[in-house]
Amino acid sequence: MKVLGSQELLSVAVNPVTNTVTLGDDEASLADLQIDNPVTGTIYGTLLNYKGELESLGDAVYDKPYSSPPNAPVLYIKPANTFNRNGGLIPMPEGIPALEIGAALGLVIGKKAVALDEKNALTYVAGYTIVNDISVPHDSVYRPAVQHKARDGFCSIGPWIIERDEVQNPDDLALRVFINEKLQQENSTVNLIRPISRLLADVTEFMTLNPGDVLLVGVPEQAPLVQIGDKIRIEIEGIGNLENIIVDEKEAKWRGLL
Amino acid sequence: MRRARIAYGGAIHEAVECAGQLKLEDGRIVEEHDVVWLTPIEPRTVFALGLNYADHAAELAFSAPSEPLVFLKGPNTFVGHNAFTRRPADVTYMHYECELAVIIGETARNVKPEDAYKYIKGYSVANDYAIRDYLENYYRPNLRVKNRDTGTPFGPWIVDATDVADPMNLKLTTHINDKLVQEGTTADMIFDIRTLISYLSSFMTLSENDVILTGTPKGSVDTAVGDVVVTEIEGIGRLVNTIIGDESFTNR
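Remember, it's a predicted structure, so these values are computed and weren't measured experimentally. (Residues numbered from 1 in each chain as written. Chains lettered and ligands numbered in written order. Predicted model: local features only at pLDDT ≥ 70, side-chain atom pairs only at ≥ 80, totals over all residues. Heavy atoms only, no water.)

**A look at the overall build of chain A**
Line of reasoning, step 1. A tally of helices and strands in chain A yields 4 helices and 19 strands.
Line of reasoning, step 2. Against the 2.2 N^0.38 benchmark of 18 Å for 258 residues, chain A shows a C-alpha radius of gyration of 18 Å, consistent with a compact globule.
Line of reasoning, step 3. Structurally, chain A occupies a C-alpha span of about 60 × 45 × 30 Å along its principal axes.
Line of reasoning, step 4. When burial is assessed residue by residue, chain A has 55% of its 258 residues classed as buried.
Line of reasoning, step 5. If you take every contact in chain A between residues at least 6 apart in sequence, the share linking residues at least 24 apart comes to 74%.
Line of reasoning, step 6. Taken as a whole, chain A presents about 11,000 Å² of accessible surface, with 47% of it coming from carbon and sulfur.
Line of reasoning, step 7. Seen as two clouds, the 21 positive and the 35 negative side-chain charges of chain A have centres 5 Å apart. (Helix = DSSP H or I, 4+ residues; strand = E, 2+ residues; numbered from the N terminus. Rg over C-alpha atoms; globule rule 2.2 N^0.38 Å. Buried < 20%, exposed > 50% of the residue type's maximum accessible area, 1.4 Å probe, protein only. Contact = heavy atoms within 4.5 Å. Areas by Shrake-Rupley, 256 points an atom, 1.4 Å probe, with all protein chains shown as cover. Lys, Arg positive; Asp, Glu negative; His and termini not counted. Charge placed at Lys NZ, Arg CZ, Asp CG, Glu CD.)

Take a look at the structure:
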């Protein structure tokens, strides 16, 4: 994990069930820690990689403008201005009635990944993190959603990176989204269309992933909507909890976050 | 001034153009053909415009968009002047796109169009290759078309904004093997540079070394392995790129 204000990642023992960390003789709970986004590279998201998400488009995938279901992985970029951290405030832009929560497992790349073979693709992953990929709701996925997905603070990452070997099967992790402590979404990476190794192989067939880059495996269907003041907690089994609060954009500015 | 990032003598240098040669920070003068050209800056967030010239939109059978069609590019795709770009063996249509690159110089948020030029550090040339075989209708143009390794030559240098009197009136050309294949002018952009900076900064913060690739005019044709593709913008630079095949990539 990365302590706020420090430059380097710190290696600590994490208990993802109690959300506590141990460093030497000290134990601290996540709520008491000020930690920064642990990611240094480019963040790539994957569209339509949950079965239910693709199914929710129904027969529309055969109609214009889509004409057919997706063939290769459909990716997007969450640029640097979107980066946020555990406990960070997510600005609600003026004139936008609600935001969509994208609960994503993030694969943190450990070594340069080019044209990977599915059989050993996972060995290129250094570890896993949680990403809250926020969007302004949009029905059409025909054109790139930069205006919907690339706003300031719209990508919370953390709280930490759990090393690959600590996670037995990343293709079977439960994820839950709580809004103001109420469970609003539940899904599992078992429902991915392209399981993780396949996704890594298919993405690196056309572009290199570099150490520090993060590939989001997808966001599940029926993304919860949130308003100003809502507290969001994304839990991913074996990884931990990621918490953020939605605030008025004006308040975020006032606090010097924009 | 025209500034480049280059490798020479085993080290990376900042250099400035000096009467057809390059002057390193330590005062040494070197020949342009003796250096390895890196991208003129290390790009942060890179925006690219689709269909931003009416004639190009018509050529692709699209009507001109009512708001800018913007997509993002990752750092893996950039290469410098005189670099090689891979054309996979299985593709049937890979075309160049000569584009004016606008490089942001300072933090920009909610910029009014009339103030937009103040936020520009300089200009460069980009060749935003696309492989049409891989187009799909999801977040189109998708990254498999537009964000391939070596798919975006960028350079040779950044020209200071103060040295460009009117970026909205520059001639663009592309030559393949010395034959003119694309010709246009930045005057024909649908959304001009001021509008693009104002639009993007209306919903997100721009920062130093963010880059806007402003789109390409009509005249995109297929390329072949071995082609030397020269994208040039009047007063900005002449960016040379060579297309190579899979055989140059040992991991394929």
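**Description of the sheet that holds strand β19 (residues 237–244) of chain B**
All names here are of chain B.
Line of reasoning, step 1. The strand order across the open sheet built from 5 strands is β9-β19-β18-β15-β16, with neighbouring strands paired in mixed fashion. In this open sheet, the two edge strands, each paired with only one partner strand, are β9 (83–86) and β16 (179–185). Ignoring which end each strand starts from, the neighbouring axes of this sheet average 25° apart.
Line of reasoning, step 2. Two elements, strand β15 (residues 171–176) and β16, share 6 bridges in a ladder whose sense is antiparallel. When the sheet's bridge partners are listed, His175 is paired in β16 with Leu180. (Pairing = 2+ DSSP bridges. Axes fitted to C-alpha atoms, helices over the stretch in contact; angles between N-to-C directions.)

**A look at the UniProt feature "domain: Fumarylacetoacetase-like C-terminal" (unreviewed entry) in chain B**
Line of reasoning, step 1. Mapped onto this numbering, the UniProt entry gives "domain: Fumarylacetoacetase-like C-terminal" (unreviewed entry) at residues 45–243 of chain B.
Line of reasoning, step 2. Note that residues 45–243 of chain B is 11% helix and 37% strand, and that its end C-alpha atoms are spaced 26 Å apart. (UniProt positions renumbered as here; feature names shortened; annotations may be inferred.)

**A look at helix α3 (residues 196–204) of chain A**
For the α-helix, the turn length of 3.6 residues means that residues three or four positions removed from each other point alike.
Line of reasoning, step 1. With 8 of 9 residues buried, α3(A) is to be regarded as a mostly interior element.
Line of reasoning, step 2. Within α3(A), the full set of buried residues consists of A:Ile196, A:Ser197, A:Leu199, A:Leu200, A:Ala201, A:Asp202, A:Val203 and A:Thr204.

**Comments concerning the interface of chain A and chain B**
Line of reasoning, step 1. Taken together, the 43 residues of chain A in the interface contact 32 residues of chain B.
Line of reasoning, step 2. For the chain A and chain B pair, buried surface summed over both sides reaches about 3,300 Å², with 56% attributable to carbon and sulfur atoms.
Line of reasoning, step 3. Note that A:Glu205 and B:Arg144 form a salt bridge whose closest N and O atoms lie 3.8 Å from each other.
Line of reasoning, step 4. Summed over the shared surface of chain A and chain B, the number is 16 residue pairs in polar contact (both at pLDDT 80 or more).
Line of reasoning, step 5. A per-class count over the side of chain A that touches chain B returns 27 nonpolar, 9 polar and 7 charged. (Buried area = accessible area lost by both parts, 1.4 Å probe. Salt bridge = Lys/Arg side-chain N within 4 Å of Asp/Glu carboxyl O. Polar contact = N/O pair within 3.5 Å; in protein donor to acceptor, adjacent residues only side chain to side chain. Nonpolar A, V, L, I, M, F, W, Y, C, P; charged D, E, K, R; others polar.)

**Observations regarding the pairing of β15(B)**
Side chains on a regular strand alternate between the two faces of the sheet.
All names here are of chain B.
Line of reasoning, step 1. Connecting β15 to the antiparallel partner β16 that follows it, the hairpin turn spans 2 residues, and Asn177 within it adopts a positive phi of roughly 45°.
Line of reasoning, step 2. In this structure, β15 lies alongside strand β18 (residues 228–233), joined through 5 bridges in antiparallel fashion. Considered in β18, the bridge of Leu172 is made with Ile233.

**Some details on the sheet that holds strand β7 (residues 74–78) of chain A**
All names here are of chain A.
Line of reasoning, step 1. Ordered by their spatial adjacency, 7 strands build an open sheet running β7-β6-β16-β11-β12-β13-β8, and the pairing between neighbours is mixed. The strands lining the two open edges of the sheet, one partner per strand, are β7 and β8 (83–85). Between one strand axis and the next, the sheet turns by 35° as a mean value, whatever way the strands run.
Line of reasoning, step 2. Alignment of strand β11 (residues 103–109) against strand β12 (residues 125–133), held across 7 bridges, turns out to be antiparallel. The partner of Ala104 across the bridge, within β12, is Val131.

**Some thoughts on a nonpolar patch on the surface**
Residue and element names in this part refer to chain A.
Line of reasoning, step 1. A contiguous nonpolar surface patch, about 210 Å² in accessible area, is contributed by Val3, Leu10 and Leu23.
Line of reasoning, step 2. Its place among the elements puts Leu10 in the loop between β1 (2–3) and β2 (13–15).
Line of reasoning, step 3. Overall, the relative accessible area of 33% leaves Leu10 in the partly exposed class. (Patch = residues over 30% accessible without salt bridge, like charges linked within 9 Å, V, L, I, M, F, W, Y side chains within 5 Å.)

**With respect to the pattern of salt bridges**
Line of reasoning, step 1. Per the counting criterion, the structure on display carries 26 salt bridges over all chains.
Line of reasoning, step 2. Salt-bridge contacts for A:Asp152 lead to B:Arg109; the nearest nitrogen and oxygen are separated by 3.8 Å. Here B:Arg109 lies in the loop between β11 (98–104) and β12 (120–127) and A:Asp152 lies in the loop between α2 (146–149) and β13 (155–163), a pairing that spans two chains.
Line of reasoning, step 3. The closest approach of N and O atoms between A:Glu186 and A:Arg176, which form a salt bridge, is 3.0 Å. Here A:Arg176 lies in strand β14 (residues 174–179) and A:Glu186 lies in strand β15 (residues 182–188), a separation of 10 residues in the sequence.

**As for empty space enclosed by the protein**
Line of reasoning, step 1. Using the criterion set out here, one finds 3 cavities of 30 Å³ or more in the structure.
Line of reasoning, step 2. Considered as a void within the structure, the largest cavity measures approximately 210 Å³ in volume.
Line of reasoning, step 3. Lining of the largest cavity is provided by 20 residues; of these, B:Leu51, B:Leu60, B:Glu97, B:Arg132 and B:Pro141 occupy positions nearest its centre.
Line of reasoning, step 4. Mapped by element, the contributors of at least two residues to the lining of the largest cavity are β6 (46–50), β7 (69–73) and α2 (143–146) of chain B.
Line of reasoning, step 5. Taken together, the residues of the lining of the largest cavity break down into 10 nonpolar, 5 polar and 5 charged.
Line of reasoning, step 6. Roughly 150 Å³ of internal volume is contained in the second largest cavity.
Line of reasoning, step 7. Lining of the second largest cavity is provided by 13 residues; of these, A:Tyr76, A:Ile77, A:Pro144, A:Ala145 and A:Val146 occupy positions nearest its centre. (1 Å grid on protein atoms, 1.4 Å probe; cavity = no way out; pocket = protein on both sides within 12 Å on 5 of 7 lines; lining within 4 Å. Points joined across faces, edges and corners; volume = space filled by probe spheres on them.)

**Focus on the nonpolar core**
Line of reasoning, step 1. Ranked by internal contacts, the top residues of the largest apolar core, which has 99 residues, are A:Leu99, A:Leu200 and B:Ile197.
Line of reasoning, step 2. Counting residues per element, this core draws most heavily on helix α3 (residues 193–203) of chain B, which supplies 6 residues.
Line of reasoning, step 3. When near neighbours in sequence (up to four residues on either side) are disregarded, B:Ile197 contacts B:Val102, B:Ile104, B:Val111, B:Ala116, B:Ile120, B:Leu206 and B:Ile212.
Line of reasoning, step 4. Grouped together as the second largest cluster of nonpolar side chains are 12 residues, B:Ala48, B:Phe71, B:Phe78 and B:Ala126 included. (Core = buried A, V, L, I, M, F, W, Y, C linked by side-chain atoms within 4.5 Å.)

**As for unusual backbone geometry**
Line of reasoning, step 1. Following A:Lys64, the chain continues into A:Pro65 via a peptide bond in cis, with omega recorded as 5°.
Line of reasoning, step 2. Summarising the element assignment, A:Pro65 is placed in the loop between α1 (51–57) and β7.
Line of reasoning, step 3. Here the amide bond leading from A:Gly158 into A:Pro159 is cis, since omega sits at -5°, within 30 degrees of zero.
Line of reasoning, step 4. Among the structural elements, A:Pro159 can be located in strand β13.
Line of reasoning, step 5. Despite not being glycine, B:Asn110 has its phi angle at roughly 50°, a positive value.
Line of reasoning, step 6. Relative to the elements of secondary structure, B:Asn110 occurs in the loop between β11 and β12.

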